[in-house]
Amino acid sequence: MLKSTLIKAAQAAGALIQERINGKFSVETKAGPNDLVTEVDKASEALIMDIIRQDFPGHFILSEEIGEVKMDSSTKWIIDPIDGTVNFANGIPLCCVSIGIEHEGNMIMGAVYNPMMNEFFFAEKGKGAFLNDNSIRVSQQDQVKHACLVTGFPYTYLDMENGPLEVFSRLIRKGIPVRRLGSAAIDLCWVAAGRFDGFYEHKLNAWDSAAGFLMVEEAGGVVTDFAGDAYSPYQPHIVATNGKIHQELLHWIANTHE
Ligand code: IPD
Ligand code: CA
Ligand code: CA
């Protein structure tokens, strides 16, 4: 039942995103002038929450626009109603809905759906990761200097040692391709599918990564924080790779690489 509700919610939200991406909708700003929320983000969130509540009225929900809907439940749904809102608002078809399910503190299931590319990613703890029902695996690349990487930048620049632009410039100066798609959930799924060898970002929220990090792990990859410790979606740093370049990429980020 959990799985069918998850799929139903992601499909419904995806259909809404696809229907409205090139249409008219109101746009508001949040923390900064480019941190956007559209009326479609809110409509997608309401649709997903309705579907979850029909089947599981007692479950805890954490969703980007509404925040926490606390319940005395060991199961929590973590929702990003549109990941890649700036892309969505500009008609760039790199955006998705992302929903993760956490049980007793562990991510057990996730779905990420980009309807414009007809790509539905699904992962279940211990049972693998799938793109449109086909099993996916991470890549085999074992050197950062030959890797194809992806990252994202926060809406408010982080001026810190080894910050987003420092790490980006370190890699770009060596000619290493680092893409920037604008949707962390898609970035993670594309690592899981072996399109990228690794992804890192300095400031994510739980809803950006909840489903995607399980996708990478279930596709055979590794996900940690910047120190190389076990990943928690409740802290900002993420490094998600095919496993083979993981330690080396951590060193590039910390500026301790050779
Ligand atoms: C953003 C995207 C982007 C990442 C930002 C996120 P939103 O989410 O995932 O790729 O760089 O950190 O906030 O605002 O489009 O849901
Ligand atoms: Ca997001
Ligand atoms: Ca969002």
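Everything that follows concerns the structure shown earlier in this document.
Cut-offs applied
- Counting starts from 1 at the beginning of each chain's written sequence and moves along it residue by residue.
- To read the labels, note that chains go from A and ligands from 1, taken in the order they are written.
- Only residues with pLDDT of 70 or above have their local features reported here, since the model is predicted, and side-chain atom pairs are shown and tallied only from 80 upward, although totals for entire chains, interfaces and linings are computed over all residues.
- The basis for every side-chain value is the complete set of non-hydrogen atoms in the structure, without hydrogens or water.
- Elements are defined by DSSP. Helices are runs of H or I of four residues or more, strands are runs of E of two residues or more, and each kind is numbered from the N terminus.
- Take the residue count of a helix, subtract one, and multiply by 1.5 Å to get its expected span.
- For every residue, the accessible area (1.4 Å probe, protein chains only) is compared with the maximum for its type, and the residue is labelled buried under 20%, exposed over 50%, or partly exposed between those bounds.
- Note: the arc covers the axis-to-C-beta directions of the helix.
- In this analysis, the protein atoms alone were mapped onto a 1 Å grid. Cavities are point sets where a 1.4 Å probe fits without being able to get out; pockets are open sets with protein on both sides within 12 Å along at least five of seven lines; lining residues have an atom within 4 Å of a point.
- Grid points are joined across faces, edges and corners, and a volume is the space filled by probe spheres set on the points.
- Each residue receives one of three labels: charged for Asp, Glu, Lys and Arg, nonpolar for Ala, Val, Leu, Ile, Met, Phe, Trp, Tyr, Cys and Pro, and polar for the others, Gly being one of them.
- Only nitrogen, oxygen and sulfur atoms qualify as donors, and only when within 2.8 Å of the metal (3.2 Å in the case of Na, K and Ca); with water excluded, sites may look incomplete.
- Being paired, for any two strands, means DSSP has found at least two bridges between them.
- Nearness of a residue to a molecule or strand requires only that one of the residue's heavy atoms be within 4 Å of it.
- The term polar contact refers here to a pair of N or O atoms within 3.5 Å; inside protein, the definition further demands a hydrogen-donor-capable atom paired with an acceptor-capable atom, and it admits residues adjacent in sequence only when both atoms are side-chain atoms.
- Surface exposure here means Shrake-Rupley accessible area, sampled with a 1.4 Å probe, where a residue is shielded only by the protein chains that are shown.
- Each molecule is checked against the cavity or pocket grid, and it sits inside if more than half of its atoms lie within 2 Å of the grid points.
- What marks off one domain from the next here is an automatic or database domain assignment.
- Neither His nor the chain termini are counted; the positive set is Lys and Arg, and the negative set is Asp and Glu.
- Whenever Lys or Arg places a side-chain nitrogen within 4 Å of a carboxyl oxygen from Asp or Glu, that contact is recorded as a salt bridge.

Caption draft 1: Geometry of helix H1 (residues 2-20). Between its terminal C-alpha atoms H1 stretches 27 Å, which fits the 27 Å expected from 19 residues at 1.5 Å a residue. Among the residues of H1, those classed as buried are Thr5, Leu6, Ala9, Ala10, Ala13, Gly14, Leu16 and Ile17. End-on, the buried residues of H1 take up no more than an arc of 160 degrees, which puts them together on one face.

Caption draft 2: Region of interest: the layout of surface pockets. The calculated volume of the largest pocket comes to roughly 660 Å³. Forming the walls of the largest pocket are 32 residues, and the residues nearest its centre are Asp35, Phe153, Pro154, Tyr155 and Asp208. For the lining of the largest pocket, the elements supplying multiple residues, two or more each, are strand E5 (75-83), helix H3 (85-89), helix H5 (184-192) and helix H6 (206-218). Of the residues contributing to the lining of the largest pocket, the split by class is 11 nonpolar, 10 polar and 11 charged.

Caption draft 3: View of the coordination of the calcium ion (ligand 3). For the calcium ion (ligand 3), every protein donor is listed as Glu64 (OE), Asp80 (OD) and Ile82 (O), and the spread of their distances is 2.2 to 2.3 Å. In the primary structure, the donors to the calcium ion (ligand 3) are separated according to the pattern E-x15-D-x1-I. Separating the calcium ion (ligand 3) from the calcium ion (ligand 2) is a gap of 3.7 Å, which Asp80 spans by donating to each of them. One end of the pair, Glu64, is in the loop between strand E3 (60-63) and strand E4 (67-69); the other, Asp80, is in strand E5, with 16 residues separating them in the sequence. With relative accessibility at 1%, the residue Asp80 sits in the buried group.

Caption draft 4: Inspection of the sheet that holds strand E11 (residues 149-151) at higher detail. Taken in spatial order, the five strands make up an open sheet running E12-E11-E13-E15-E14, and their pairing is mixed. The sheet is open, and its two borders are formed by strand E12 (178-179) and strand E14 (222-224), each paired with just one other strand. Note that E14 and strand E15 (residues 238-241) share three bridges and pair antiparallel. The residue bridging Val222 from the neighbouring strand is Thr241, located in E15.

Caption draft 5: Region of interest: the coordination of the calcium ion (ligand 2). On the protein side, the calcium ion (ligand 2) has Asp80 (OD), Asp83 (OD) and Asp208 (OD) as donor atoms, found 2.1 to 2.2 Å from it. For the calcium ion (ligand 2), the donor residues sit on a single chain with the sequence spacing D-x2-D-x124-D.

Caption draft 6: Representation of the site of ligand 1 within the structure. Around ligand 1, 17 residues are found, and the nearest of them are Asp83, Gly84, Thr85, Ala184 and Glu201. Glu64 is positioned with one of its side-chain polar atoms (N or O) 3.4 Å from an oxygen atom of ligand 1. A distance of 2.8 Å separates an oxygen atom of ligand 1 from a polar backbone atom of Thr85. For ligand 1, whose free accessible area comes to 380 Å², the fraction covered by protein is 95%. Most atoms of ligand 1, that is more than half of them, are within 2 Å of grid points of the largest pocket. Residue composition of the shell around ligand 1, grouped by class: five nonpolar, five polar and seven charged. Lining the shell around ligand 1 are residues from two domains, each supplying at least three of them: domain 1 (2-135) and domain 2 (144-254).

Caption draft 7: Region of interest: the side chain of Asp208. Mapped onto the elements of the fold, Asp208 is located in helix H6. For Asp208, which is buried and forms no salt bridge, the nearest opposite charge comes from Lys30, at a distance of 8.5 Å. Of note is the side chain of Asp208, whose polar atom sits 2.7 Å from the backbone nitrogen of Asn205.

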